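Chain and residue survey
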Amino acid sequence: MSIDCTRRALALGALGAWLGPVRAANNRPPRTLLVVGDSLSAEYGLPRGTGWVALLGQRLKEQDLPLNIVNASISGETTSGGLARLPALLAEHKPDVVVVELGANDALRGLPLDGTRNNLSQMVGLSQKAGARVLLVGMMVPPNYGKRYADDFAALFERVSTERKVPLVPFMLKGVADRPDARDWFQADGTHPLPKAHPVILDVIWPRLQPLLRG
């Protein structure tokens, strides 16, 4: 083989070695985002496609972020229920990002706050162990629960976020439940937001979620 032919063969070989990983990267399946939440994420009482998770899917397409979204949220779900379901969800979907949005139903049922905090901490830990980045979405309770309970409830999300070193959305319904005309933004039950509130919810969650999606 001539020197020129040898050089050409080496150059083509080097190009092929460089293109191989690029092609492999381009052929990778889209990453997966898993949402484990309650009725606030499960589109309770809403037309399909109007909840914040569905709106997130639209935003990801607009921003050319190819992710599969698995919405495993269930109306009425508690942190203990989410914790029980999580191992199977992680094994099945192998998510890159997990959003944990639970705790409100624990408060509605008067469950011990230590149990809620422990369940959330375990959920975050299991997700991290599975290789996922985690966003914790917090909630606040109305003033009629009493100031001490309300403060302790909000603090449990902060504690889990700090201990597990994950980002936190302190209050999912910021800009909705704290509005002067908040009653006009909720369904007849006074608990579940109307469709017009869900773009606001997404905008509250997005700044903490976006860095995880691009990671």
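Located above this text is the structure these notes cover.
Residues numbered from 1 in each chain as written. Predicted model: local features only at pLDDT ≥ 70, side-chain atom pairs only at ≥ 80, totals over all residues. Heavy atoms only, no water.

1. Here's the deal with the sheet that holds strand E4 (residues 133-137)
One open sheet accounts for five strands, arranged E2-E1-E3-E4-E5; its pairing is parallel. Each end of this open sheet is capped by a strand with a single partner; those strands are strand E2 (67-71) and strand E5 (168-169). Two strands pair when backbone bridges link them, and E4 and E5 are joined in this way by two bridges, in the parallel orientation. Note that in E5 the partner of Leu136 across the bridge is Leu168. The sheet strands contacting helix H3 (residues 79-93) are strand E1 (31-37), E2 and strand E3 (97-101), and the helix crosses E1 at an angle near 170°. The strands that helix H5 (residues 113-129) touches are E1, E3 and E4; relative to E4, the one it contacts most, it runs at about 160°. (Pairing = 2+ DSSP bridges. Helix = DSSP H or I, 4+ residues; strand = E, 2+ residues; numbered from the N terminus. Contact = heavy atoms within 4.5 Å. Axes fitted to C-alpha atoms, helices over the stretch in contact; angles between N-to-C directions.)

2. Some words on the nonpolar core
Here is a general trend for soluble globular proteins: nonpolar side chains tend to be buried in one another's company. Ranked by internal contacts, the top residues of the largest apolar core, which has 59 residues, are Leu33, Leu34, Trp52, Met139 and Leu209. In terms of residues, this core owes the most to one element, helix H7 (residues 198-213), which gives seven residues. Those residues in contact with Met139 that sit more than four places away from it in its chain are Leu40, Ala104, Phe153, Ala154, Phe157, Pro170, Phe171, Met172 and Leu173. (Core = buried A, V, L, I, M, F, W, Y, C linked by side-chain atoms within 4.5 Å. Buried < 20%, exposed > 50% of the residue type's maximum accessible area, 1.4 Å probe, protein only.)

3. Describing the side chain of Ser161
By secondary structure assignment, the location of Ser161 is in helix H6 (residues 147-164). A distance of 2.6 Å separates a polar side-chain atom of Ser161 from the backbone oxygen of Val166. Not counting chain neighbours up to four residues away, the residues in contact with Ser161 comprise Leu136, Val166, Pro167 and Leu168. (Polar contact = N/O pair within 3.5 Å; in protein donor to acceptor, adjacent residues only side chain to side chain.)

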